[in-house]
Amino acid sequence: MTKEEWLSKLFQIEHYFDTIKNSYPKSDIRDIFLGKKGELTLLLKKISEIPVEHRKEVGLKGNELKKMIEEFVTEDYENVSEVLNEIDITLPSKKINFSFRHPITITLSKIIESFKKLGFSLEWGPLVEEDFYNFKALNFPDHHPARDMQDTFYIDGLFDSEGKNLILRTHTSPVQIRTMLKYKPPLRVISPGRVFRSEAVDATHSFVFNQIEGFYVDSKVNMCDLKWALENFIKDLFGNSAKIKFMPSYFPFVEPGAQVEVSCVFCSGRNINCKVCKGVGWLEMLGAGIIHPNVLKNCGYDPYQWSGFAFGAGIERFTMLLFGIDDLRTLYENDLRILRQVV
Ligand code: DAH
């Protein structure tokens, strides 16, 4: 090997080192250049092939590069050990705060999981809604007194095709109409989301809250199907000892309509002084019923061929019971010191 060949090889190795030094761990760089079969190690061995009078010169250049690579691969190790000498590694580390899901989200996931097992699929509806979907098609004609139960917010300057103001939806029931108009039966659907009412905020009320709607349309769907599905859901959520009972109630879009009550999850009706059920033993949890024939007709379904059940529930109410929260506002203020205690 001539002196020139040797120096040109050295130059190539230096160039190679510059190119890759920051792309690999330092231990790899050490192996590639200075290891037993490292590029530079092998070249340095070949010095013996060079005529004696040039050996000193190339040896100096080779050693220069070797020193540079050695310094590069040991640099950080030295820094780390210096730092480690200065700090007390036995001190406890800073507490890491892991994130967690909001109690409403946890509750909603549990509800969705329960209905998914029965083959229900998810649909979503808009929060800004037309009078037709929120009221009219659900069998609340204009000026019907049942509209009073759901006073809402009207959007200034935005109108539907009938010239009525757009509104913020008061319940998730309009998704029934939207879905029935979009698909053909049979349908098994749940639809969660935010709803709005013109209400003052207190421990059990808010102007914005979450509901979940569910409905099943097929031939010959009846009250027994409804009761079975809801019982299954309530047991999934609160355990096998939970019971449900149906009380007659009125909603324009179902007939018959029911208020569904669940045995008190805290005292099971055994404590007259129970703060949650006020000693009654039952908690009003959701509205439900058999879809009114007018609603089916409004969606183009023949009520003699198709029937269905529907239910609607407030998600916050379930969340409060599942997590033992007694003030709705806790869920919206998002004070982590409090939420951490319940989740
Ligand atoms: N939409 C009703 C409300 O917000 C709740 C409800 C009651 C939904 C009965 C239903 C139902 O689907 O069948 O007050």
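Counting restarts for each chain, with residues numbered from 1 along the sequence as it is written. Restriction of local features to residues with pLDDT of at least 70 applies here, the model being predicted, together with a cutoff of 80 or more for giving and counting side-chain atom pairs; totals for whole chains, interfaces and linings are based on all residues. Hydrogens and waters are ignored; side-chain quantities use all the structure's heavy atoms.

A. Focus on the site of the ligand. Summary of the distance rule: residues count as near a molecule or strand when at least one heavy atom falls within 4 Å of that molecule or strand. H171, S173, R197, Q211 and E213 are the nearest of the 16 residues found near the ligand. H171 has a polar side-chain atom sitting 2.9 Å from a nitrogen atom of the ligand. Throughout this description, a polar contact denotes any pair of N or O atoms lying within 3.5 Å of each other; where both atoms belong to protein, one of them has to be capable of donating a hydrogen while the other can accept it, and for residues adjacent in sequence the pair is counted only when both atoms sit in side chains. In the model, an oxygen atom of the ligand is placed 3.3 Å from a nitrogen or oxygen of the Q176 side chain. Throughout, the Shrake-Rupley method with a 1.4 Å probe supplies accessible areas, and for residues the shown protein chains are the sole cover considered. Protein coverage of the free-state accessible area of the ligand, which is 360 Å², stands at 92%. Of the residues belonging to the shell around the ligand, the class tally is 6 nonpolar, 8 polar and 2 charged. Side-chain classes are defined by residue name, with Ala, Val, Leu, Ile, Met, Phe, Trp, Tyr, Cys and Pro counting as nonpolar, Asp, Glu, Lys and Arg as charged, and the others, Gly among them, as polar.

B. A look at the pairing of strand 3 (residues 154-159). Along strand 3, only 0 of the 6 residues are buried, which leaves the element largely exposed. Two elements, strand 3 and strand 4 (residues 165-168), share 2 bridges in a ladder whose sense is antiparallel. Residue pairing in the sheet places F159 in a bridge with N165 of strand 4. Hairpin remark: strand 3 followed by strand 4, antiparallel, with 5 residues in the connecting loop; positive phi at G163, about 80°. Summary of the burial criterion: residues with accessible area below 20% of their type's maximum are buried, those above 50% are exposed, and those between are partly exposed, where the area comes from a 1.4 Å probe applied to protein chains only. Helix and strand definitions follow DSSP, with helices as H or I runs of at least four residues and strands as E runs of at least two, each counted in order from the N terminus. One requirement defines pairing of two strands: DSSP has to find at least two bridges between them.

C. Fine view of the sheet that holds strand 3. Strand order in the open sheet formed by 3 strands is 2-4-3, with antiparallel pairing between adjacent strands. The sheet terminates laterally at strand 2 (128-129) and strand 3, the two strands that pair on one side only. Strand direction decides the pairing type here: strand 2 and strand 4, joined by 2 bridges, are antiparallel. Counted as the bridge partner of E129 is I167 from strand 4.

D. Inspection of helix 1 (residues 3-20) at higher detail. With 18 residues, helix 1 extends 26 Å from end C-alpha to end C-alpha; this agrees with the ideal 26 Å at 1.5 Å per step. Among all positions in helix 1, only K3, W6, L10, I13, F17 and I20 are buried. The buried residues of helix 1 occupy an angular sector of 135° when projected down its axis, which confines them to one face. What points out from helix 1, more than 90 degrees from its buried face, is the exposed set E4, F11, H15 and T19. Expected helix span is given by 1.5 Å per residue-to-residue step, counting one fewer step than there are residues. By definition, the arc is the one covered by directions from the helix axis to the C-beta atoms.

E. Spatial organisation of the domain arrangement of the chain. For each domain, the first and last residues come from an automatic or database assignment. For the chain, the domain assignment lists domain 1 (3-86) and domain 2 (103-341). Computed over C-alpha atoms only, the centres of domain 1 and domain 2 are separated by 73 Å.

F. Quick peek at the nonpolar core. Of all hydrophobic cores here, the largest spans 43 residues; its most connected members are L230, F233, L286, F309, F311 and F318. Where this core is concerned, the elements lending two or more residues are helix 5 (103-116), strand 6 (208-218), helix 8 (223-238), strand 8 (254-263), strand 9 (282-291), strand 10 (307-314) and helix 10 (315-323). Per-element tally for this core: the top contributor is helix 8, with 7 residues. Residues enter a nonpolar core if they are buried and are Ala, Val, Leu, Ile, Met, Phe, Trp, Tyr or Cys, with the set joined through side-chain atoms within 4.5 Å. Membership of the second largest hydrophobic core comes to 22 residues, among which are A137, V217, W306 and A310.

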